[in-house]
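Results of the structural survey
Here is how the chains run, residue by residue.
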Amino acid sequence: MKTTIQISTILLLVFLTEISSQTIIPSWFKKLPDAPTGAMYAVGYCGKYQNENSAKKKAVDVALNTLAKQKSIHLKFYIEEINDGRMSLMNPIFQLIYEKDIFDEIRDNYSVVDSSITTDGYFVLIASPKTKKNVTSDDVNWGLPPDWVQNTPKSEKWRYGIGIAAKYSNWTKAWRDTDEYARFDLGKNTSINTESIIVIRKTDRTGSHSKIMRQDYDMYFKDSIIVERYYDAKTNSYYSLCRAPQ
């Protein structure tokens, strides 16, 4: 069984009215630590809570979904841009598919290695398969932006993608979308098909032309992990860095 998430939007930057106030996070949410050999880490989170047990359950569910995507993900991307010299119209479509069977396997064999409660919400770090290793973490602020925010890292071992979103009123939705955009950017940086077409229209007196550019890919990834995040409080912008083996 497969679970499909589809996003259709005009812009990757979503502008809403309220400004998020997320400032303090556990260090493993900001930068994912290396997991023990044979295991994989993932983080989960939820916003402000009334019941701690319910908050933990929600955060664990998010982490389990993230782990399923990390283990194996099918990405489909298509974008068409039409430009007639006066206006430009874009229509991007993103489709993300992961195996529910993988999710079920993870649910039966995972452990919580650390959790953290801040003024903004509940955070949890899980490992799959189960591990006895504990992870300790300090709550930290975001500090200065890392280099990868401006420049995609280059590596002979890894491929990278960067997700960006801005001005969300709900920080949990912001991180969810930013993480997904990072995965789609990983696919774009790996291989993408590009087609450019010039369409000429003629009348008795005038002529005009439009340029249509299409880009698409359809790929599977294993071990695509969100390894680092950054939040810029000045611009209310969210950044995620996704990594997968070459």
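Let us look at the structure shown here. Please read all numbers here as calculations on a predicted model, not as lab measurements.

For the bond running from Ser-128 to Pro-129, omega is -5°, close enough to zero to count as cis. Tracing the sequence through the fold places Pro-129 in the loop between β7 (122-128) and β8 (139-140). In the Ramachandran plot, Asp-223 falls in the positive-phi region, its phi being about 60° despite a non-glycine side chain. Within the secondary structure layout, Asp-223 lies in the loop between β11 (207-221) and β12 (225-232). The backbone phi angle of Asn-236 is positive, close to 55°, even though this residue is not glycine.

Another point: the pairing of strand β13 (residues 237-245). Regular strands place side chains that alternate from one sheet face to the opposite one. Burial within β13 is extensive, with 8 of its 9 residues counted as buried. Examined bridge by bridge, strand β9 (residues 158-166) and β13 share 9 bridges and lie antiparallel to one another. In the sheet register, Trp-158 faces β13, and the bridge partner there is Pro-245. As judged from the 7 bridges shared by β12 and β13, these two strands associate in the antiparallel manner.

Cut-offs used in this document
Residues numbered from 1 in each chain as written. Predicted model: local features only at pLDDT ≥ 70, side-chain atom pairs only at ≥ 80, totals over all residues. Heavy atoms only, no water. Helix = DSSP H or I, 4+ residues; strand = E, 2+ residues; numbered from the N terminus. Buried < 20%, exposed > 50% of the residue type's maximum accessible area, 1.4 Å probe, protein only. Pairing = 2+ DSSP bridges.

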